[in-house]
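The primary structure of each chain is shown beneath.
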Amino acid sequence: MFGIASFSIIPIKKEPSHRSETVNQLLFNDLVKVIDKIDEWIYIESIDDKYVGWCQEVLIMPLNDEEFVSQSKINKKFNPFPSIIIEDVNSKDKINLPFGCSLSIENQYVILNNRKFNLEIELYKPNSNLSESIVECALIYLNTPYLWGGKTVFGTDCSGFSQTVFRMNGIQLPRDAYQQAEIGTTIDFIEEAKAGDLAFFDNLEGKITHVGIMLSSETIIHASSYVKINKIDHVGIFDEKTNKYSHQLRIIKRVDNLQQDFK
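Quantities reported herein were computed from a predicted structural model and do not represent experimental measurements.

Peer 1: Help me out: how do you make sense of the pairing of strand β4 (residues 31–38) in this one?
Peer 2: Each regular strand carries side chains that alternate between the two faces of the sheet. Where strand β1 (residues 2–5) and β4 come together, three bridges link them in antiparallel fashion. Each bridged residue has a counterpart across the sheet, and for I4 the counterpart in β4 is L31. In this antiparallel pair of consecutive strands, β4 and strand β5 (residues 41–46), the connection spans two residues, and D39 shows a positive phi of 55 degrees.

If you want it as structure tokens, here you go:
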């Protein structure tokens, strides 16, 4: 069984309970595979990045196999604004959609399976220069508060931030920082890093726990307490407010034009 996210931002929980921690978010129009069901909760796998978790069944519009294939083939754009409002053609219900969600477009309508919505704005077109386009998207997140499991301009964690920024530019990254660190080409020296590269950081046990997007070989934008710009060198991220290193650099990766199938 398949489904599609029919609300703006859907929290994905570690366990089937409202009190459980949020580990991810689905955004409007994200496709999912339904694996299991307990009461009002369904255990889903995101089609984009294969991330799994629990969400309320009522928030997912069910799709049969034919509908799923059809939705998978529709041309998708991405919302480049902090939020936009779409209006159901028939019911006139409105939905406020966040930055980074995908929109299936047909004949100038936003399509959600059997529903049509009006949208009268120009949608995002990535810059032909991938590095510049990634930076442009990343800067939209400045001062967004940190939210574990989040990935929008209303709240994001470090890997949700990098995943959504790259998604806006046609590159699908895995969900977690350690997974993102496994792909792309390694940059041997920080002096060779360029805007749009991903920098990864580990803890004392050597586990990768943080990721940020390079703005240059000397600066980085990342989500830690909030999305901010800090200096970076071969040691790690240096916070000028505390006059201390906040994160220890592990590796830098370049993922230009990478298309990855996560299985």
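Peer 1: Explain the sheet that holds strand β13 (residues 115–118) here, please?
Peer 2: Backbone-to-backbone hydrogen bonds join strands into a sheet, with any given pair of strands oriented parallel or antiparallel. The antiparallel open sheet is built from six strands, whose spatial order is β8-β11-β12-β13-β9-β10. Strands with a single pairing partner mark the edges of an open sheet, and in this sheet they are β8 (76–78) and β10 (94–98). Averaged over all pairs of adjacent strands, the angle between strand axes in this sheet comes to 45 degrees, irrespective of strand direction. In this sheet, β10 lies alongside strand β9 (residues 83–88) in antiparallel orientation, the contact comprising five bridges. Looking across to β10, one finds that I85 is bridged to N96.

Peer 1: Explanation requested: a nonpolar patch on the surface in the structure shown.
Peer 2: The grouping of L139, L142 and I229 at the surface amounts to a nonpolar patch, some 220 Å² of accessible area in total. Relative to the elements of secondary structure, L142 occurs in the loop between α2 (130–140) and β14 (151–152). Residue classification places L142 among the partly exposed positions, given a relative accessible area of 33%.

Peer 1: Hey, could you run me through the side chain of D202 in this one?
Peer 2: Here D202 lies in strand β17 (residues 198–202). A distance of 2.8 Å separates polar atoms of two side chains, one belonging to D202 and the other to Q248. One polar contact links D202 to R250, side chain to side chain, over a distance of 3.2 Å. Excluding anything up to four places from it in sequence, D202 contacts K207, I208, T209, Q248 and R250.

Peer 1: Help me understand the packing of aromatic side chains in this model?
Peer 2: Scanning the model with the defined rule gives six aromatic pairs in all. Between F2 and F68, the ring centres sit 3.9 Å apart and the planes meet at 10 degrees, which makes this aromatic pair stacked. Highlighted residues: F2 in strand β1 and F68 in helix α1 (residues 65–73), separated in sequence by 66 residues. Judged on exposure class, the residue F2 and its partner F68 are both buried. When the ring of Y141 is compared with that of F161, the centres are 5.0 Å apart and the planes differ by 70 degrees; the resulting orientation is edge-to-face. Placement of the pair is Y141 in the loop between α2 and β14 and F161 in helix α3 (residues 158–167), with a sequence separation of 20 residues. Among the residues examined, Y141 registers a relative accessible area of 0% and is labelled buried.

Peer 1: Just checking my understanding: could you explain α2 for this structure?
Peer 2: Because each turn of an α-helix spans 3.6 residues, side chains separated by three or four positions end up pointing in the same direction. Along α2, the positions that sit buried rather than exposed are L130, S131, S133, I134, V135, C137 and A138. Structurally, α2 contributes buried residues whose contacts are with α3, β18 (208–214) and β19 (219–224). Where α2 starts, the residue carrying a side-chain oxygen 3.2 Å from the main-chain nitrogen of S131 turns out to be N129.

Peer 1: Got a minute to help me understand the nonpolar core in this structure?
Peer 2: Looking at soluble globular proteins, one finds that nonpolar side chains tend to be buried together. Residues F161, V165, F166, L198 and I213 are the most contacted members of the largest nonpolar core, which totals 31 residues. Only α2, α3, β17, β18 and β19 provide two or more residues apiece to this core. A total of five residues in this core trace back to one element, the largest contributor, which is α2. If we skip the residues at most four places from it in the chain, L198 touches S162, F166, L173, V211, G212, I213, I251, I252, K253 and V255.

Criteria and cut-off values
Residues numbered from 1 in each chain as written. Predicted model: local features only at pLDDT ≥ 70, side-chain atom pairs only at ≥ 80, totals over all residues. Heavy atoms only, no water. Pairing = 2+ DSSP bridges. Helix = DSSP H or I, 4+ residues; strand = E, 2+ residues; numbered from the N terminus. Axes fitted to C-alpha atoms, helices over the stretch in contact; angles between N-to-C directions. Patch = residues over 30% accessible without salt bridge, like charges linked within 9 Å, V, L, I, M, F, W, Y side chains within 5 Å. Areas by Shrake-Rupley, 256 points an atom, 1.4 Å probe, with all protein chains shown as cover. Salt bridge = Lys/Arg side-chain N within 4 Å of Asp/Glu carboxyl O. Buried < 20%, exposed > 50% of the residue type's maximum accessible area, 1.4 Å probe, protein only. Polar contact = N/O pair within 3.5 Å; in protein donor to acceptor, adjacent residues only side chain to side chain. Contact = heavy atoms within 4.5 Å. Phe/Tyr/Trp six-rings, centres within 6.5 Å; stacked < 30°, edge-to-face > 60°. Core = buried A, V, L, I, M, F, W, Y, C linked by side-chain atoms within 4.5 Å.

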